[in-house]
Amino acid sequence: DVKVTQSSRYLVKRTGEKVFLECVQDMDHENMFWYRQDPGLGLRLIYFSYDVKMKEKGDIPEGYSVSREKKERFSLILESASTNQTSMYLCASSLGTGSYGYTFGSGTRLTVV
Amino acid sequence: TQLLEQSPQFLSIQEGENLTVYCNSSSVFSSLQWYRQEPGEGPVLLVTVVTGGEVKKLKRLTFQFGDARKDSSLHITAAQPGDTGLYLCAAYGGSQGNLIFGKGTKLSVKP
């Protein structure tokens, strides 16, 4: 069963901590994405990658960075966590663009206190 | 970046009722996707429609792509509690070729 795996379902971190969210896909997909999802705001794209070692800013990249050292793994880094980064974080992958669907992970619910 | 507007935002119905939710845009899309997201989980792709006027059926769910490829609808017949979730429409229209999502319709089906 092909899937996208996010390392943690729930995380609680303190303000100012550096936070790593890991995502691994087993479908040999080229493209990977990080979104955050907040009530009333929908899914907002943080960063994405169309190839290994390649990264592109999405709509809300401030306060985040990413790493893609291997094709199957895409990490989201919160450089210095803040309370306004409390959210549901969703990782997704796709085979390509055009009409390909995304496969999402189950999400990480991050609370910054 | 183009926008996808979904309506209604919330829908609460009784088991056995029929319902329709909508996804509209002023932009033309080459294809459109529908996802369902259950509470605490990530969205799951239900269907992709690619041709204007296309109708696709998935058991009790019927998806239609508008003739002008600017809008789509999802109709559920005889809704069941298992249909509860957030229904998202999506299309390729982001500034860098990525998928854009509507904000979704949150459906609650009560037994």
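The coordinates are above.
Residues numbered from 1 in each chain as written. Chains lettered and ligands numbered in written order. Predicted model: local features only at pLDDT ≥ 70, side-chain atom pairs only at ≥ 80, totals over all residues. Heavy atoms only, no water.

### Some points on the overall build of chain B
Step number 1: Along its length, chain B carries zero helices and eleven strands.
Step number 2: Counting from the amino terminus, chain B carries its helices and strands in the arrangement β-β-β-β-β-β-β-β-β-β-β.
Step number 3: Since a compact globule built from 111 residues should have a radius of gyration of about 13 Å, the 13 Å found for chain B is in line with a globular shape.
Step number 4: Seen through its principal axes, chain B has C-alpha atoms that stretch 40 × 30 × 20 Å.
Step number 5: Going through the 111 residues of chain B one by one, you find that 47% of them count as buried.
Step number 6: Total accessible area on chain B stands at roughly 5,300 Å², and carbon and sulfur atoms take up 50% of it.
Step number 7: Here chain B contributes 10 positive and 9 negative side-chain charges, whose respective centroids are spaced 2 Å apart. (Helix = DSSP H or I, 4+ residues; strand = E, 2+ residues; numbered from the N terminus. Rg over C-alpha atoms; globule rule 2.2 N^0.38 Å. Buried < 20%, exposed > 50% of the residue type's maximum accessible area, 1.4 Å probe, protein only. Areas by Shrake-Rupley, 256 points an atom, 1.4 Å probe, with all protein chains shown as cover. Lys, Arg positive; Asp, Glu negative; His and termini not counted. Charge placed at Lys NZ, Arg CZ, Asp CG, Glu CD.)

### With respect to the environment of Phe48(A)
Residue and element names in this part refer to chain A.
Step number 1: Relative to the helices and strands, Phe48 is located in strand S6 (residues 42–49).
Step number 2: Residue classification places Phe48 among the buried residues on the basis of a relative accessible area of 1%.
Step number 3: Residues Phe48 and Met27 lie 21 residues apart in sequence; the distance between their C-alpha atoms is 17 Å.

### Examining the interface of chain A and chain B
Step number 1: Taken residue by residue, the interface counts 25 residues in chain A and 20 residues in chain B.
Step number 2: On the chain A side of the contact with chain B, Leu43(A), Tyr102(A) and Phe104(A) bury the most area, a combined 26% of that side's loss.
Step number 3: Here Glu41(B) makes a salt bridge to Arg9(A), at a shortest N to O gap of 3.3 Å.
Step number 4: Run the count over chain A and chain B and you get eleven residue pairs in polar contact (both at pLDDT 80 or more).
Step number 5: For the side of chain A that touches chain B, the elements supplying multiple residues, two or more each, are strand S5 (31–38), S6, strand S7 (56–57) and strand S10 (87–94) of chain A.
Step number 6: In terms of residue count, S6(A) provides more of the side of chain A that touches chain B than any other element does, four residues in total.
Step number 7: Of the residues in the side of chain A that touches chain B, the class split is twelve nonpolar, ten polar and three charged. (Contact = heavy atoms within 4.5 Å. Buried area = accessible area lost by both parts, 1.4 Å probe. Salt bridge = Lys/Arg side-chain N within 4 Å of Asp/Glu carboxyl O. Polar contact = N/O pair within 3.5 Å; in protein donor to acceptor, adjacent residues only side chain to side chain. Nonpolar A, V, L, I, M, F, W, Y, C, P; charged D, E, K, R; others polar.)

### Here's the deal with the side chain of Glu54(B)
Residue and element names in this part refer to chain B.
Step number 1: Its place among the elements puts Glu54 in the loop between strand S5 (44–49) and strand S6 (55–58).
Step number 2: Separated by 2.7 Å, the side chain of Glu54 and the backbone nitrogen of Val50 make a polar contact.
Step number 3: Beyond its immediate chain neighbours, meaning those up to four positions away, Glu54 contacts Val49, Phe63, Gln64 and Phe65.

### Things to note about the pairing of S10(A)
Residues and elements named next belong to chain A.
Step number 1: Within S10, eight of the eight residues are buried, which leaves it mostly tucked inside the rest of the structure.
Step number 2: Of the two faces of S10, the one holding Ser87, Tyr89, Cys91 and Ser93 and the one holding Met88, Leu90, Ala92 and Ser94 are both buried throughout.
Step number 3: Inspection of the sheet shows S10 paired to strand S12 (residues 108–112) by three bridges, in the antiparallel sense. When the sheet's bridge partners are listed, Ser87 is paired in S12 with Leu110.
Step number 4: Where S10 and strand S11 (residues 103–104) come together, two bridges link them in antiparallel fashion. (Pairing = 2+ DSSP bridges.)

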